[in-house]
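Observations on chain architecture
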Amino acid sequence: MEASLSAADLDVRRFTHDDLPQIRQALIDVHADAYTDAMDDEFNQRFPWFVDHWGGNPDFTCVIAFDGDEPVAFAYGAPAAPKREWWREHVKPAPEKHRTFSFSELAVHTRWRKTGTAELVTRALLESRDEDLVVLLVDLEHPRVQAMYESWGFRKVGDRQPFPDSPVYAVMLAELPLG
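Quantities reported herein were computed from a predicted structural model and do not represent experimental measurements.

Once that is clear, we can look at the packing of aromatic side chains. Within the structure shown, the criterion is met by nine aromatic pairs. Cluster of aromatic residues (ring-pair linked, three or more members): Phe47, Phe60, Phe74 and Tyr76.

The contact between helix H1 (residues 20-34) and helix H3 (residues 47-55) brings their axes to 10 Å, and the two run at 145°. Between H1 and H3 lies a crossing of right-handed hand. Contacts between H1 and H3 involve Leu20, Arg24, Leu27, Ile28 and His31 from the former and Phe47, Pro48, Val51, Asp52 and Gly55 from the latter. Looking at the contact of H1 with H3, its residues break down into six nonpolar, two polar and two charged.

Take the pattern of salt bridges next. By the definition in use, this model includes 11 salt bridges. One salt bridge in this structure joins Glu119 and Arg123, with 2.8 Å as the shortest N-O distance. Separated by four residues within a single helix, Glu119 and Arg123 lie in helix H4 (residues 117-126), roughly one turn from each other. Judged by its relative accessible area of 29%, Glu119 is partly exposed. Under the relative-accessibility criterion, Arg123 is labelled partly exposed at 26%. A salt bridge links Asp159 to Lys156; its shortest N-O distance comes to 2.8 Å.

Reading guide: rules and limits
Residues numbered from 1 in each chain as written. Predicted model: local features only at pLDDT ≥ 70, side-chain atom pairs only at ≥ 80, totals over all residues. Heavy atoms only, no water. Phe/Tyr/Trp six-rings, centres within 6.5 Å; stacked < 30°, edge-to-face > 60°. Axes fitted to C-alpha atoms, helices over the stretch in contact; angles between N-to-C directions. Helix = DSSP H or I, 4+ residues; strand = E, 2+ residues; numbered from the N terminus. Left-handed = near helix turned anticlockwise from the far one by under 90°. Contact = heavy atoms within 4.5 Å. Nonpolar A, V, L, I, M, F, W, Y, C, P; charged D, E, K, R; others polar. Salt bridge = Lys/Arg side-chain N within 4 Å of Asp/Glu carboxyl O. Buried < 20%, exposed > 50% of the residue type's maximum accessible area, 1.4 Å probe, protein only.

Here it is in structure tokens:
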């Protein structure tokens, strides 16, 4: 019988844009495992493009949780361009606070689900941010994931389909620091 897994046993490490060549494959591998049942979807197959797109941002930041030397989860994003906070169209009136961190991706190895790992990497990613707000998208077909984010202080402010072949997502917003 396998020992019980606990997020408390993981080593969380921070990475930046400059580290992308060293971490790129780890992100792709964890994502492929996390989405193993949906990798026949062409949108999911484009994940390497998203890694390169986000990682190409000079302000890209990423955290990866490791079990020994094995990456088991990650979260990444980058600050939104000033005055380009696209989420504002969903909030009337828009908050006065405007500096926004765009939380792009969270993936957890299937073996590490329901161990607190998703929250561990999310909080590690966001804990040192100096932005006022954080925005993310959650596939509407995953209400439990949306509920998870709500339990951490996010609220749904609208729906958005960013690409013609992407799912429709719930737009979720939270103030930083997370409660």
